[in-house]
Amino acid sequence: MSFTLFGAGFSFALPAALFALPIGAAALIAAYRSKGRLSPVLVSSTLLLRLLESKKPARQKFFPPLRFFLELLSLILLSLAAAGIYREGSGKRVALIVDDSFSTAAVNYLETGGSKVIDGIKLESRQLVRSLPGSSAIDLYLASGGYTPIENGISPVRAEERVSNLSFSYTSDSIESLLNRVAADPNYSEIVVITDKSPEISSTNGTDSRVRIAHRGLPDAAKNNVFISDLKLSSKQIGAPPDSILVSLRSQSADTFSGTLTASQVNEKLSGLSDKSEKVPVQLESGASERFSLPIKSQSAAYQVTLQPAPASRDAISEDNTAQIGLQGGQEKVVLVSPVPVSKLGLDKISVIKFLEVHPSELNDSIYNDPRYANAPFLFFATVPAALPPSSAAFIDPPESSEIFTVNKVFSGKEIQITSWNEQHPLTAYLNLPALKLSSVSPLVPPAWAETLITSTEGTAAFAGEVEGRKFAVVGFSLFPYRGKADPLTSVLTLNLLKWIAPFNSSSGYLSAPYQLKETTSVEAIGRSETFQGKVISAPGLYLAKGAQSAQPLIVNFFSDAESDLLGAKSLAYPPAFTGEVVAPKGESLTPLLLRIALGLLLLDLVLSSRFIGLGGAWKAA
Amino acid sequence: MLPETFTPRFLRQIEQLRIRSRRAFLGSRQGGHASIRRGHGIEFADYRKYEQGDDPRRIDWNVYARSDRMYVRRFREEEDLSVLILVDTSASMVIPEEDSKWIIARDLALAISYVALMSQDTVILSALGAFHSPKLSGARALHTASTELMKVQPGAEINFLREIRLAASRIRFPGKAVLISDFLMPISEIREALSALRAKNLDISAIQVLGPHDVKPFDEGAHVLAQDSESGEEVELVIDGESAAEYNELLAKHNKDLEQACYEGEITFSQKLPAQPFEKFVLGNLTQIGLLR
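## Looking at the overall build of chain A
And then number 1: Helix and strand counts for chain A stand at 10 helices and 36 strands.
And then number 2: When burial is assessed residue by residue, chain A has 46% of its 622 residues classed as buried.
And then number 3: Put simply, of all contacts in chain A between residues at least 6 apart along the chain, 66% involve residues at least 24 apart.
And then number 4: Of the roughly 30,600 Å² of accessible surface on chain A, 53% is carried by carbon and sulfur atoms.

Shown next as structure tokens:
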């Protein structure tokens, strides 16, 4: 059942529901006709009353109040909605796939004041939706949105509004797989892709006829791009604080690239970036990849590296010329109980650990309750407490008078050699311990909870184990002073020991955008004003995550060779011909609209029926 | 058992009354009414010789003194009067209940029955559509009359004209007929009913009983939907001063038409209005119209 009104065709999904309209209307009219009637009063005879009535003017015609019309109109709308009225015509289902991947951040440097590719894509998208019939239902997909449309069944007007607000995103696109997935949907009459990827130059025979690929990219001459592909912190000595940043650059440029690398670092307050430090000139040949070292003058939680092209060098995307790096995890605390200060032990060279010094004379049980040392592991040098501490601990060169494990008399001599070691244990795995030259050793007797790690000619030289979840390691010889690379074996053993009792991350790192924040934290951008919506960091940069007790820098990068390599971008293939049957457009359902209007009318009717508003409208007879 | 209306004083008063008939009818038994036959009666006709068995009270002693012979007076033959009392039991007689029209009509029927039975007349009670009694005679029959009338539950849907005809068809001997109703029906229907009774050569009296709500159905200013108790017809009205006055005119005209119809049919008519006390109406109005004497 269909009809035409004002040039538009309408039809019903369930025409039988329209029978409710005349039935309901009749009931409504009858209700209002009888509404004003009085309750009959029995009289002995209406013989004379009838004569009396005939002398009076005729009854007023049925003139219902406003509420009648409100209710009648609501009934009409509800009947139409129940009948599933929808607008027919050329309302088709359109899939609009807009490429907002990172490559669309490219600017046409051949044009003065060139705009980004994304702007061209937006323009093309808007022109396309304007050309669609007003009854079209558009599903809008973005490359950054995955396989789920960000808008479903919206009008061309709404779609135009939506695409106008688009910007490029820090995502890699999977346009081709998205296109194939969308093309498998028989409900789409038309599929349009607007991308900076060129469509495959081949015949469209045998491809899905519904698909149209609109290319809005850069000319090849404008696709030169040099970008930072990776960052790493580096230090000359193992365990030493970083002293340089290794910057990997790639050139996807037809020309030789010249530029300058600079590094900024986050200030101590983590509130901004300090002045840029030393600049390093860089030069890359066409298509080359190279790593450059950028010296770090002072320690910081995080650094930002920027590649500034030389004026003559052309670089299409500037957003991939900045990257961040820092030490993830921060510094771990270890309580050092030692008669010798940390500096003398050389442990201050281990930048990832902060040693809290306690002299053995200060050692008592109250130390373990001190909030400063809460949950921190202990490193005992040349001293042993009366009982095992409540947290993990390492004991280096314990004295003979130890009470918690047996330490035999120190044996000194040049003939002390390591005879065996536990190659499976994380403390001693991958170490060439026989190369360890010991001048003295205190033979140990491992307790029942421990296993022997190192055996020397004089006896057990090291053991380790766990007691009630706490890790304890005992080394019967001194590992100090820590000399880093100068004494790699003991240094590694020391680091292994510390890492075993106090896990820390000594390597540099970053997070990748988009980054989903794991918990409810307040996030600020360091050095710039930026507001956050939701719990996703979508753009690379330096951020400060404020937790309940501390603030921690978040270092976020976006590296995508595929997106930054404009010259090497793949063409976009048309999906194969659709073999199924395209579902005819059903048209725009008017049911939701009618229901809303009917609800509004009924609410108004409810207001009018209120006794406080005297518009109830009883009708009167003569 | 008689209704409370029949106080001892009232009974003593109506015992003095007789049904009055404007015509002589052939009765079936000796009664108190002039008969067309000559015989024992109270209206002197002439003398005859005393015969054994005659009532000694009828001996004319003046004649005996003059003639030394006993003669008795001969009177016009006195026979009983057949009194047919018809009472309307339609719904209009009980709506509204507070008007008590049926009770008044019932009591009127009983009063007339009492008068008739006490003067040795024959009474036939007909509650239209409810029951039709056999010939009742003698004082004891009053109990029967009262019992039957008290049992009547008026309000049924009856065809007034048909019931009148049915009641009239049961009459063997013409006599008196008393029709008690509110007569709130079309005049044409009333005329037909009266004609049916007249066709039986009855001496008819009509008593209209009206209730307060027949006189003034609604207060001024009322907006009502009146429903006829018998037909169910509904009439919606707004009663203002003008319509109240118009109703009174309509009622007066109807009653006048009723009276005219009675007059034309040589039917005595009386109207029991709400304000009139029952006893006074029986002793006064019914006597005035010649139904009782």
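After that view of the structure, there is still more to cover.
## Some details on the overall build of chain B
And then number 1: Along its length, chain B carries nine helices and 11 strands.
And then number 2: Within the span of chain B, comprising 293 residues, buried residues form 51% of the whole.
And then number 3: Accessible area for chain B stands at about 14,200 Å²; split by element, carbon and sulfur atoms hold 48% of it.

## Overview of the interface of chain B and chain A
And then number 1: Counting from both sides, the interface comprises 30 residues of chain B and, opposite them, 22 residues of chain A.
And then number 2: Of the roughly 2,600 Å² buried where chain B meets chain A, counting both sides, 65% is carbon and sulfur surface.
And then number 3: Considering only the surface of chain B that becomes buried against chain A, L225, E236 and L250 of chain B emerge as the three largest contributors, covering 24% of it.
And then number 4: At the junction of chain B with chain A, the criterion picks out one salt bridge.

## Some words on the pattern of salt bridges
Residues and elements named next belong to chain A.
And then number 1: Taken as a whole and assessed by the stated rule, the structure comprises 31 salt bridges over all chains.
And then number 2: For the salt bridge of E160 with R126, the shortest nitrogen-to-oxygen distance reads 3.7 Å. With a gap of 34 residues between them, E160 in helix α5 (residues 156-164) and R126 in helix α4 (residues 117-131) connect regions that are remote in the sequence.
And then number 3: Judged by relative accessible area, which is 17%, E160 ranks as buried.
And then number 4: Classification of R126 as partly exposed rests on a relative accessible area of 28%.
And then number 5: Beyond isolated ion pairs, a larger network of salt bridges with shared partners links E151, R158, E161 and R162.

## Description of the sheet that holds strand β34 (residues 541-546) of chain A
Residue and element names in this part refer to chain A.
And then number 1: The four strands lie next to each other as β30-β35-β34-β32, forming an open sheet whose pairing is mixed. Looking along the sheet, the strands with just one partner apiece sit at the ends: β30 (511-512) and β32 (522-525).
And then number 2: Note: β34 against strand β35 (residues 551-557), six bridges, orientation antiparallel. Residue L542 lies in a different strand from β35, and its bridge partner there is I555.

## Some words on the confidence of the model for chain A
And then number 1: Of all residues in chain A, 88% attain a pLDDT of 70 or more, and the chain-wide mean is 83.
And then number 2: Counting contacts from residues 612-622 of chain A, a segment whose pLDDT is below 50, to residues more than four positions away or on other chains yields 23 contacts.

## Observations concerning the packing of α4 of chain A against α5 of chain A
All names here are of chain A.
And then number 1: α5 packs onto α4 with a crossing angle of 175° between their chain directions and a minimal axis gap of 9 Å. As far as their axial angle goes, α5 and α4 are roughly antiparallel. Counted together, K122, S125, R126, V129 and R130 of α4 and P156, A159, E160, V163 and S164 of α5 form the full contact between these two elements.
And then number 2: Here the contact of α4 with α5 is composed, by residue class, of four nonpolar, two polar and four charged.

## Side note on the sheet that holds strand β11 (residues 244-252) of chain A
Backbone-to-backbone hydrogen bonds pair the strands of a sheet. The strands run either parallel or antiparallel.
Residues and elements named next belong to chain A.
And then number 1: Taken in spatial order, the three strands line up as β10-β11-β14 in an open sheet, and their pairing is antiparallel. A single partner strand is all that each edge strand has here, and the edge strands are β10 (225-234) and β14 (289-295). Across the sheet, the mean angle from the axis of one strand to that of its neighbour is 25°, orientation sign disregarded.
And then number 2: Pairing of β11 with β14, which is carried by seven bridges, proceeds in the antiparallel orientation. In the sheet register, L249 faces β14, and the bridge partner there is E290.

## Looking at α4 of chain A
Residue pairs three or four apart in sequence face the same way in an α-helix, which turns once every 3.6 residues.
Residue and element names in this part refer to chain A.
And then number 1: With 15 residues, α4 ought to run about 21 Å at 1.5 Å a step, and its terminal C-alpha atoms sit 22 Å apart, in line with that.
And then number 2: Within α4 the residues assigned to the buried category are V117, I118, G120, I121, K122, S125, L128 and V129.
And then number 3: Buried residues along α4 sit in contact with β5 (93-98), β6 (137-142), α5, β8 (190-195) and β9 (211-215).

## Looking at a nonpolar patch on the surface
Residue and element names in this part refer to chain A.
And then number 1: Side chains of F3, L5 and F6 sit close together on the surface and give an oily, nonpolar patch of about 350 Å² of accessible area.
And then number 2: Take L5: it is sitting in strand β1 (residues 2-5).
And then number 3: On the basis of relative accessible area, L5 is assigned to the partly exposed category, the value being 41%.

## Things to note about the nonpolar core
All names here are of chain B.
And then number 1: Ranked by internal contacts, the top residues of the largest apolar core, which has 43 residues, are L108, I112, I180 and I207.
And then number 2: At the level of secondary structure, the elements contributing two or more residues to this core comprise α1 (8-14), β4 (82-87), α3 (101-118), β5 (122-127), α4 (141-151), β7 (176-181), β8 (203-209) and α9 (278-288).
And then number 3: When residues in this core are grouped by element, the largest group, 12 residues, is from α3.
And then number 4: Setting aside anything within four residues of it in sequence, one finds L108 in contact with I180, I207, V209, F278, F281, V282 and L286.

## What about helix α2 (residues 47-54) of chain A?
And then number 1: The set of residues buried in α2 of chain A consists of L47, L48, L49 and L52 of chain A.
And then number 2: Among the structural elements, β3 (40-43) of chain A together with β9 (223-228), β10 (234-238) and α8 (241-264) of chain B are those in contact with the buried residues of α2 of chain A.

## Describing the side chain of T306 of chain A
And then number 1: Within the secondary structure, T306 of chain A sits in strand β15 (residues 302-309).
And then number 2: The contacts of T306 of chain A, once residues within four sequence positions are left out, are T260, L261, T262, N321 and T322 of chain A.

## Some words on the pairing of β34 of chain A
Residue and element names in this part refer to chain A.
And then number 1: The element β34 is largely enclosed, with a buried count of five among its six residues.
And then number 2: Pairing geometry for β32 and β34, over four bridges, is antiparallel. Within β34, the residue paired with S522 across the bridge is K546.

## So, the environment of F68 of chain A
Residues and elements named next belong to chain A.
And then number 1: With respect to the helices, strands and loops of the structure, F68 is situated in helix α3 (residues 66-82).
And then number 2: According to the relative accessible area criterion, F68 is buried, its value standing at 5%.
And then number 3: Sequence-wise, F68 and Y32 are 36 residues apart; in three dimensions their C-alpha atoms are separated by 7.4 Å.

## Observations regarding the packing of aromatic side chains
And then number 1: In the structure shown here, the tally under the stated rule is 19 aromatic pairs over all chains.
And then number 2: Between W61 of chain B and Y64 of chain B the ring centres are 5.8 Å apart and the planes differ by 85°, which places this aromatic pair in the edge-to-face class. One end of the pair, W61 of chain B, and the other, Y64 of chain B, are both in helix α2 (residues 61-67), three residues apart, so they sit about a helical turn from each other.
And then number 3: Residue class for W61 of chain B comes out partly exposed when judged on its relative accessible area of 49%.
And then number 4: Following the ring pairs from residue to residue traces out a cluster consisting of Y368, F378, F380, F395, F405, W449, F463 and F472 of chain A.
And then number 5: Residue placement shows R181 of chain A over the ring face of Y147 of chain A; its charged tip is 4.3 Å from the ring centre.
And then number 6: Over the ring of F578 of chain A we find R210 of chain A; its NZ or CZ atom is 4.2 Å from the centre of that ring.

## Some details on the confidence of the model for chain B
Residues and elements named next belong to chain B.
And then number 1: With 88% of its residues at a pLDDT of at least 70, chain B reaches an overall mean of 84.
And then number 2: Segment residues 37-41: pLDDT under 50, and 25 contacts once partners within four positions in sequence are set aside and those in other chains are kept.
And then number 3: The ipTM for the predicted assembly is 0.78, set against a pTM of 0.44.

## Section: the side chain of H254 of chain B
And then number 1: Considering the arrangement of structural elements, one finds H254 of chain B in helix α8.
And then number 2: What H254 of chain B contacts, discounting residues up to four positions off in sequence, is L47 and L48 of chain A together with F183, L184, M185, I187 and I190 of chain B.

## Examining the pairing of β8 of chain B
All names here are of chain B.
And then number 1: In terms of burial, β8 is a largely internal element, seven of the seven residues being buried.
And then number 2: Residues D203, S205, I207 and V209 of β8 are buried on one face, and the alternating residues I204, A206 and Q208, pointing to the opposite face, are buried as well.
And then number 3: Of the pairings in the sheet, the one linking β7 to β8 comprises six bridges and is parallel in character. What sits directly across from I180, in β8, is I207.
And then number 4: As for the winding sense of the linkage, the β-α-β connection from β7 through helix α6 (residues 187-198) to β8 is right-handed.
And then number 5: Two elements, β8 and strand β11 (residues 268-272), share five bridges in a ladder whose sense is parallel. Considered in β11, the bridge of Q208 is made with Q271.

What counts, and at which threshold
Residues numbered from 1 in each chain as written. Chains lettered and ligands numbered in written order. Predicted model: local features only at pLDDT ≥ 70, side-chain atom pairs only at ≥ 80, totals over all residues. Heavy atoms only, no water. Helix = DSSP H or I, 4+ residues; strand = E, 2+ residues; numbered from the N terminus. Buried < 20%, exposed > 50% of the residue type's maximum accessible area, 1.4 Å probe, protein only. Contact = heavy atoms within 4.5 Å. Areas by Shrake-Rupley, 256 points an atom, 1.4 Å probe, with all protein chains shown as cover. Buried area = accessible area lost by both parts, 1.4 Å probe. Salt bridge = Lys/Arg side-chain N within 4 Å of Asp/Glu carboxyl O. Pairing = 2+ DSSP bridges. pLDDT = per-residue confidence, 0-100. Axes fitted to C-alpha atoms, helices over the stretch in contact; angles between N-to-C directions. Parallel < 35°, antiparallel > 145°, perpendicular 65-115°, else oblique. Nonpolar A, V, L, I, M, F, W, Y, C, P; charged D, E, K, R; others polar. Expected span 1.5 Å × (residues − 1). Patch = residues over 30% accessible without salt bridge, like charges linked within 9 Å, V, L, I, M, F, W, Y side chains within 5 Å. Core = buried A, V, L, I, M, F, W, Y, C linked by side-chain atoms within 4.5 Å. Phe/Tyr/Trp six-rings, centres within 6.5 Å; stacked < 30°, edge-to-face > 60°. Lys NZ or Arg CZ within 6 Å of the ring centre and 35° of its normal. Right-handed = clockwise from strand over helix to strand, strands pointing away.

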